[in-house]
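Listed here are the chains, written in short residue letters.
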Amino acid sequence: MNELLASFEPITLDEMKGVKLMNRTDTKFVTTMPMLTRLLEMARKDYYAQEIDNERNMLYDTTYYDTRAFDMYQEHQHGHVNRQKIRFRTYVSSNLQFMEVKTKNNHGRTKKKRIEVEDMDLTDSTKRQFLATHLRYDAETLIPHMHNYFRRITLVNKARTERLTIDTDLQFNNMQTGTSRNMGPLVIIELKRDGLVFSPVLEMLRQLHIHPHGFSKYCMGAAMTNTELPLNRFKTKLRDVEMILNKNLINQ
């Protein structure tokens, strides 16, 4: 994987500033490591690979909060189009941590607001003010529910109108039940772009028969590690993920 990533032209963090896409449309795809290798081979002429301190496959550490009643999880699994999530994300290689609120509206657009923090103490006045401004839920009701970590590759098309994040080595740890799940060869790809601008990778994904497939790391991780949560609209997605993993085992 490192050899393949090294064949991409690099793009630095400073050069990435114009590709933040904080108000964007997201399309997710689910596949496995063998298919990812084929995709990267196809994409290297059309995309840059983000590089930070000579590293192109970054380790991320994320903790999701929710209310004690799992309101954010419930909104998603009931299919509400206006929904939010709150998380603390640590970029391990740079040791930077942010508190982030993601809001998805009924037009399919995602807005992300974040501030840099030093810890996850929600009694802090700065965090409380941030949450009061951007989150619909009372900070008093929030507790940590789901911890995950994964490695992320970030690609940027040569026109710099989109980002493609590729997450591998995904592991879940439910902080309420103590249950963990290693997702093995599963790969989560997310195409992030402003509107419907041309995307070179969409044709590549089509050729590889990798189709759009929703995958919320918080909700899917929670559904896999807490048997008391309702599944409803996640049942098909969970079954699809298991089929992808089983197919990969058969093909090995």
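The structure reproduced in this document is the subject of the present report. Everything quoted here is computed from the prediction, not taken from an experiment.

**Concerning the pairing of strand 4 (residues 58–67)**
Alright, step 1. When you tally the buried positions in strand 4, you get 8 out of 10 residues, the bulk of the element.
Alright, step 2. As defined by bridge partners, strand 4 adjoins strand 5 (residues 83–91) across 6 bridges and the pair is classed as antiparallel. Looking at the pairing, Thr 62 lines up with Arg 89 of strand 5.

**Comments concerning helix 6 (residues 200–207)**
Alright, step 1. Within the sequence span of helix 6, burial applies to Pro 200, Val 201, Met 204 and Leu 205. For helix 6, the arc enclosing every buried residue in end-on projection is 125 degrees, short of the 170-degree limit, so these residues lie on one face.
Alright, step 2. Taken from the residues just after helix 6, His 209 is the one with a positive phi, measuring 60 degrees.

**Topic: the nonpolar core**
Alright, step 1. Ranked by size, the top nonpolar core spans 28 residues in total, and within it Tyr 73, Met 183, Leu 186, Phe 215, Tyr 218 and Val 241 carry the most contacts.
Alright, step 2. Of all elements in the fold, only strand 4, strand 8 (142–157), strand 9 (162–174), strand 11 (186–193), helix 7 (217–225) and helix 8 (235–251) reach the threshold of two or more residues within this core.
Alright, step 3. A per-element tally of this core places helix 7 first, with 6 residues.
Alright, step 4. In terms of nonpolar packing, the next biggest core, distinct from the first, is built from 22 residues, Phe 8, Leu 39, Val 187 and Leu 205 among them.

Reading guide: rules and limits
- Numbers given to residues run from 1 along each chain, matching the order in which its sequence is written.
- The predicted nature of this model means local features are confined to residues of pLDDT at least 70 and side-chain atom pairs, given and counted, to a pLDDT of 80 or more, with totals for whole chains, interfaces and linings taken over all residues.
- To obtain the side-chain values, all non-hydrogen atoms of the structure were used and water was disregarded.
- Each residue's exposure class comes from its accessible area (1.4 Å probe, protein chains only) as a fraction of the maximum for that residue type: buried when under 20%, exposed when over 50%, partly exposed otherwise.
- A run of DSSP states H or I qualifies as a helix once it reaches four residues; a run of E qualifies as a strand once it reaches two. Both are numbered from the N-terminal end.
- For two strands to pair, DSSP has to find at least two bridges joining them.
- The arc in question is traced by the directions running from the helix axis to the C-beta atoms.
- Here, the term nonpolar core denotes a set of buried Ala, Val, Leu, Ile, Met, Phe, Trp, Tyr and Cys residues that are joined through side-chain atoms within 4.5 Å.

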